Amino acid sequence: MEEKISGKVVDIRYTSFDGEYTVATLRLGDKSEVVVTGPIAAVDIGDNIEITGEYVTHRIYGEQFKVNSFIPLKPDDEQGIYEFLASGVIEGIGEKFARRIMQVFGDKTLDIIEKTPERLLEIEGIGSKKLDKIITSYNEKMMLKNIIIQLAKYDLSTSLSIKIYNAYNENTLKILSNNPYRLCDDIKGIGFKKADEIAKKMGVALDSTERKIQAIIYSLTQSTYEGHTYTTFFKLKSDMKELIDFDDEDEILSISYDLYAKKQIIIDGIEKDDMKIFLYRYALAETTVASKLIELATYQDKKIDEKKLDELIQEQIKYSNIDFSQEQIKSVKMAVNNNILIITGGPGTGKTTTLSFIIEIFERIGKKVKLCAPTGKASKRMAQATNKDASTIHRLLEMNYSSDDMQEHFLKNEDEPIKADVIIVDETSMVDILLMQSLLLAIKNGTHLILVGDKDQLPSVGAGNVLKDIINCEIIPCIKLNKIFRQAMKSHIIVNAHRINEGKMPLTNDKDNDFFIMNRNDKNSIEKLIVELITQRLPKYYDITPKDIQIITPMKKREIGTQNLNKLLQEALNPKDPVKNEYKTQFKIYRENDRVIHIKNNYEKQWISDKEEGSGVFNGDTGTIESVNLREKFLTVNFDDGKKATYDFDELDELEHSFALTVHKSQGSEYPCVILPIHSVAPMLMTRKILYTAITRAKKLLIIISSNSNIKKMVDNIYEEERNSTLMQKLKMFKDYKMLD
């Protein structure tokens with residue numbers, strides 16, 4: 001239960017580097033002491049503070065008071081003022097000068113320092129230089145504390161108050177009073193809704209233009225989170241009505257055109273019915289991607305002699321002793337003869353074998369080949385499958401991060417392109433429009449670009465539908481591999497993936513099968529079966545260890561979503577143990593040996609590996625908690641790709657458990673065994689594409705726990721939410737204007 005306590009700070013045991021987490025000892029009015037932990041920035045020994053929070057019991061350190069917020073209090077008696085000054089907090093004042101000052105000014109001392117500090121010259125030993133030092137030090141110490149007091153009125157947490165202060169310093173209150181909506185642009189972690197709450201409490205007019213501007217930007221930003229590169233005018237109007245109860249079309253249009261003039265947004269279309277409204281960077285990204293694809297595709301380069309190419313292909317076939325299909329041989333020729341090629345196909349159609357074939361031919365021609373994929377896991381799979389080095393796209397582009405504008409930047413770009421003759425991108429369906437823009441800008445004319453992916457997989461998490469749009473424009477050369485190879489035909493996982501993609505029910509439960517459906521219809525029996533499969537049946541009968549098994553579910557919430565399943569599986573697979581450290585938050589327990597996934601791009605996160613060190617941990621990176629340091633308040637994650645990174649306890653919003661993953665989070669990965677429970681799924685997730693993507697994550701064994709009726713609903717449901725994108729239209733525009741034959 002939340003309560004307030006107040007007292008004097010008598011010891012500071014630990015403060016994090018950013019000042020957002022402190023462990024201190026507080027002496028209460030009855031002289032008892034309590035350990036307080038949390039965001040109590042800028043406190044010093046001797047400070048009087050009032051804290052709001054709750055008492056908790058730490059399993060090692062005992063009773064503590066967990067801080068939610070605090071307010072600095074001035075010392076309220078002469079003894080308190082003396083102790084504050086004598087503590088050395090104020091540069092230039094120690095015990096000796098504290099005693100002299102108190103003898104002259106008594107309980108008026110702090111008022112003197114704040115309002116008429118020149119009177120300190122009356123104290124023997126304080127001259128003008130020492131006075132300047134005292135004034136500067138006192139103001140610096142008190143500024144953040146005063147700002148925290150002021151911002152507490154607007155229900156801002158101490159950690160957010162610190163971020164705001166770090167951005168604006170002594171101008172914090174002035175900037176907020178003039179325009180609190182600046183927080184949306186300047187402070188990571190504050191969006192429109194939070195800034196709007198602050199503005200209302202500060203008395204900012206509800207009809208202010210700045211409020212309407214930020215509501216428009218917020219609406220467009222939210223649209224990109226839903227996968228769209230633009231929104232329509234009337235969707236924007238609807239959002240404005242919901243956000244700020246404002247729907248005046250003429251004024252919305254007028255403000256939008258002002259933002260257009262400032263290059264913050266792009267407006268495509270004249271009539272409201274046809275109008276498309278983009279954030280500037282997304283409109284630019286689509287235009288850049290379209291133009292660069294055309295530029296690369298039309299570049300005139302010297303081609304290899306057809307006869308020589310045929311000879312190389314036949315030599316490679318003989319050397320590899322593989323019976324390549326005509327589709328695969330055609331793919332190789334198209335890759336060599338075109339500057340850009342898209343290779344698509346479902347599981348078992350030989351995409352990996354074809355890639356290896358293409359790489360060998362290019363290397364025999366003398367070309368330098370670079371391989372990449374959107375995620376660490378996908379690039380690792382690519383490297384294992386081809387026996388060649390592969391990296392993430394971010395790493396290929398030599399990603400850097402600027403703390404000034406909180407944006408990613410790439411050292412490889414138009415001015416410093418990637419040094420390669422051939423670039424092959426796997427899992428291209430996962431590449432969003434912004435990443436594709438950065439990649440294409442770093443590819444020089446004459447470089448061969450090969451995009452590989454399964455167009456029937458889920459689209460990227462980020463905005464755009466890049467692979468699908470490029471294929472559907474029918475301009476860029478594309479080949480689809482359709483033949484399922486004989487070896488792949490033995491796998492019911494592969495056969496059934498194709499059946500489901502064709503709208504047919506899967507074949508199941510044959511002897512020695514790798515594809516099973518186990519009928520369960522209620523939460524308890526599904527949970528019991530999952531635990532039984534992981535801990536008993538599969539290890540016993542299939543020699544599969546729990547670490548080779550991945551639970552995948554369509555959803556995050558509801559009964560059989562990742563949130564509930566991760567708690568269940570943590571208890572089953574990594575239960576509480578006296579020898580394992582753990583850290584408990586309000587909703588989760590982070591325990592040594594837990595499986596976790598990093599859920600938001602953090603370009604500044606430092607990591608080390610056996611070979612190197614660097615920065616950048618990305619959405620989708622998975623690993624295991626190696627250690628939990630309760631004294632220093634951090635934990636260490638050993639990621640699957642060999643990186644090792646530490647997380648302060650106040651950074652744990654970037655980590656979630658990964659015993660169970662959503663289908664979206666699993667995309668780009670493969671697992672020896674997948675268990676797929678389907679129960680009480682939201683209608684929008686009961687689709688063929690979700691089922692197909694989930695099934696194709698399994699390499700050796702797949703178990704679906706569901707009723708046949710639920711599976712049939714998903715197989716029959718071809719619904720796919722359309723994403724607003726103009727990439728295909730822009731590509732076709734080049735064709736219409738005969739810029740591409």
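Every value quoted in this text rests on a predicted model; they were computed, and no experiment measured them. (Residues numbered from 1 in each chain as written. Predicted model: local features only at pLDDT ≥ 70, side-chain atom pairs only at ≥ 80, totals over all residues. Heavy atoms only, no water.)

What about the overall build of the protein chain?
Looking only at helices and strands, the protein chain features 27 helices and 30 strands. By the burial criterion, 51% of the 741 residues in the protein chain qualify as buried. A separation of at least 24 residues holds for 65% of the contacts in the protein chain among residues at least 6 apart in sequence. For the protein chain, the exposed surface amounts to about 35700 Å²; the carbon and sulfur share of it is 47%. Taking the average place of the 104 positive charges on the side chains of the protein chain and the average place of its 113 negative ones, the gap between the two points comes to 5 Å. (Helix = DSSP H or I, 4+ residues; strand = E, 2+ residues; numbered from the N terminus. Buried < 20%, exposed > 50% of the residue type's maximum accessible area, 1.4 Å probe, protein only. Contact = heavy atoms within 4.5 Å. Areas by Shrake-Rupley, 256 points an atom, 1.4 Å probe, with all protein chains shown as cover. Lys, Arg positive; Asp, Glu negative; His and termini not counted. Charge placed at Lys NZ, Arg CZ, Asp CG, Glu CD.)

As for the sheet that holds strand 9 (residues 340-345)
Pairing between sheet strands relies on hydrogen bonds along the backbone, with the strands arranged either parallel or antiparallel. Spatially, 11-10-14-15-9-16 is the arrangement adopted by the six strands of the open sheet, whose pairing is parallel. Each end of this open sheet is capped by a strand with a single partner; those strands are strand 11 (390-392) and strand 16 (478-481). Adjacent strand axes in the sheet meet at a mean angle of 20 degrees, parallel and antiparallel pairs treated alike. Note that strand 10 (residues 369-373) and strand 14 (residues 422-425) share four bridges and pair parallel. (Pairing = 2+ DSSP bridges. Axes fitted to C-alpha atoms, helices over the stretch in contact; angles between N-to-C directions.)

Thoughts on the pairing of strand 4 (residues 48-58)
With six bridges joining them, strand 1 (residues 3-15) and strand 4 adopt antiparallel strand pairing. By the bridge assignment for strand 4, Ser-6 is matched with Glu-50. Across eleven bridges, the pairing between strand 4 and strand 5 (residues 62-73) is antiparallel. When the sheet's bridge partners are listed, His-58 is paired in strand 5 with Gly-62.

Section: helix 2 (residues 95-105)
Every buried residue belonging to helix 2 is among Phe-97, Ala-98, Ile-101, Met-102 and Phe-105, and all of these are buried. Axial view of helix 2: buried residues confined to an arc of 135 degrees, hence all on one face. Exposed positions of helix 2 whose direction lies more than 90 degrees from the buried face are Glu-95 and Gln-103. Within two residues after helix 2, Gly-106 carries a phi angle of roughly 55 degrees, on the positive side. (Arc of directions from axis to C-beta.)

Regarding the packing of helix 21 (residues 492-501) against helix 25 (residues 688-695)
To characterise two packed helices, one gives the angle between the axes of the helices and the distance between these axes. Running from N to C, helix 21 and helix 25 cross one another at 170 degrees; their axes reach a closest spacing of 10 Å. As judged from the angle between their axes, helix 21 and helix 25 are roughly antiparallel. Across the interface between the two elements, Ile-493, Ala-497, Ile-500 and Asn-501 of helix 21 pack against Arg-688, Leu-691, Tyr-692 and Ile-695 of helix 25. Classifying every residue of the contact of helix 21 with helix 25 gives six nonpolar, one polar and one charged. (Parallel < 35°, antiparallel > 145°, perpendicular 65-115°, else oblique. Nonpolar A, V, L, I, M, F, W, Y, C, P; charged D, E, K, R; others polar.)

Quick notes on the environment of Ser-223
Here Ser-223 lies in helix 9 (residues 209-225). Between the C-alpha atoms of Ser-223 and Glu-315, which are 92 residues apart in sequence, the distance is 52 Å.

A look at the pattern of salt bridges
Here the structure, examined in full by the defined rule, presents 42 salt bridges. Among the salt bridges present, the one from Lys-377 reaches Asp-640, with a minimum N-O distance of 3.9 Å. Of this pair, Lys-377 sits in helix 16 (residues 376-386) while Asp-640 sits in the loop between strand 25 (634-639) and strand 26 (644-648), placing them 263 residues apart in sequence. Here Asp-640 falls in the partly exposed class, since its relative accessible area comes to 30%. (Salt bridge = Lys/Arg side-chain N within 4 Å of Asp/Glu carboxyl O.)

Details of the pairing of strand 22 (residues 602-608)
The pairing of strand 22 with strand 23 (residues 613-617) spans four bridges and is classified as antiparallel. Within strand 23, the position partnered with Asn-602 by the bridge is Val-617. A loop of four residues connects strand 22 with strand 23, the two strands running antiparallel in sequence.

A look at the environment of Asn-521
Secondary-structure assignment places Asn-521 in the loop between strand 17 (515-518) and helix 22 (523-541). Separated by 157 residues in sequence, Asn-521 and Ile-678 have C-alpha atoms that sit 9.1 Å apart. Look past the residues within four positions of Asn-521 in its chain and what remains in contact with it is His-679 and Ser-707.

Notes on the sheet that holds strand 30 (residues 698-705)
The sheet built from five strands is open, its strands ordered 17-30-29-18-28 with parallel pairing. Two strands close off the open sheet at either side, each with one partner strand: strand 17 and strand 28 (660-662). Neighbour-to-neighbour, the strand axes of the sheet open up by a mean angle of 25 degrees, direction not taken into account. Bridge analysis of strand 18 (residues 549-553) against strand 29 (residues 671-677) gives three bridges, and the strand direction is parallel. Within strand 29, the position partnered with Ile-551 by the bridge is Ile-675.

Observations concerning the domain arrangement of the protein chain
One can read the domain layout of the protein chain as domain 1 (3-72), domain 2 (78-152), domain 3 (179-274), domain 4 (290-454 + 470-483), domain 5 (485-554 + 663-706) and domain 6 (578-657). Between the C-alpha centres of domain 3 and domain 5 there is a distance of 43 Å. (Domains from an automatic or database assignment.)

Let's talk about the packing of helix 14 (residues 326-337) against helix 15 (residues 351-365)
Here helix 14 crosses helix 15 at 45 degrees, and the two axes come no closer than 9 Å. The angle between helix 14 and helix 15 falls in the class oblique. Like other packed secondary-structure pairs, helix 14 and helix 15 cross with a definite hand, here right-handed. Note on element contacts: helix 15 touches helix 14 through Thr-353, Thr-354, Phe-357, Ile-358, Ile-361, Phe-362 and Ile-365, opposite Gln-328, Ile-329, Ser-331, Val-332, Ala-335 and Val-336. When grouped by side-chain class, the residues that make up the contact of helix 14 with helix 15 number nine nonpolar, four polar and no charged. (Left-handed = near helix turned anticlockwise from the far one by under 90°.)

Comments concerning the packing of aromatic side chains
Counting across every chain of the model gives eight aromatic pairs. Relative to Phe-278, the ring of Tyr-230 has its centre 5.3 Å away and its plane inclined at 50 degrees; by these criteria the two rings are tilted. Linking Tyr-230 in the loop between helix 9 and strand 6 (231-232) with Phe-278 in strand 8 (residues 276-279), this pair joins segments that are 48 residues apart in sequence. Residues Tyr-230 and Phe-278 agree in their burial class; the two are buried. Where Tyr-583 meets Phe-649, the ring centres are 3.8 Å apart and the plane angle is 20 degrees; that geometry is what we call stacked. (Phe/Tyr/Trp six-rings, centres within 6.5 Å; stacked < 30°, edge-to-face > 60°.)

Quick notes on unusual backbone geometry
The backbone of Glu-427 shows a phi angle near 55 degrees, a positive value even though the residue is not glycine. Looking at the element boundaries, Glu-427 is found in the loop between strand 14 and helix 18 (433-441). The exposure class of Glu-427 is buried, given its relative accessible area of 10%. You will see that Glu-474, though not glycine, has its phi angle at about 55 degrees, which is positive. Given a relative accessible area of 65%, Glu-474 falls into the exposed group.

Points about the side chain of Thr-553
For Thr-553, the location among the structural elements is in strand 18. Residue Thr-553 is classed as buried on the basis of its relative accessible area, which comes to 0%. Of the polar contacts made by the side chain of Thr-553, one reaches the backbone oxygen of Ile-560; its length is 2.8 Å. Those residues within four positions of Thr-553 in sequence are excluded, and the remaining contacts are Ile-560, Gly-561, Thr-562, Leu-565, Leu-661, Thr-662, Val-663, Leu-676 and Pro-677. (Polar contact = N/O pair within 3.5 Å; in protein donor to acceptor, adjacent residues only side chain to side chain.)

A few points about the environment of Met-436
Here Met-436 shows up in helix 18. With relative accessibility at 0%, the residue Met-436 sits in the buried group. Remark: the alpha-carbon pair of Met-436 and Val-466, spanning 30 residues in sequence, is separated by 7.9 Å. Beyond its immediate sequence surroundings of up to four residues, Met-436 is in contact with Val-289, Thr-428, Val-431, Leu-451 and Val-466.

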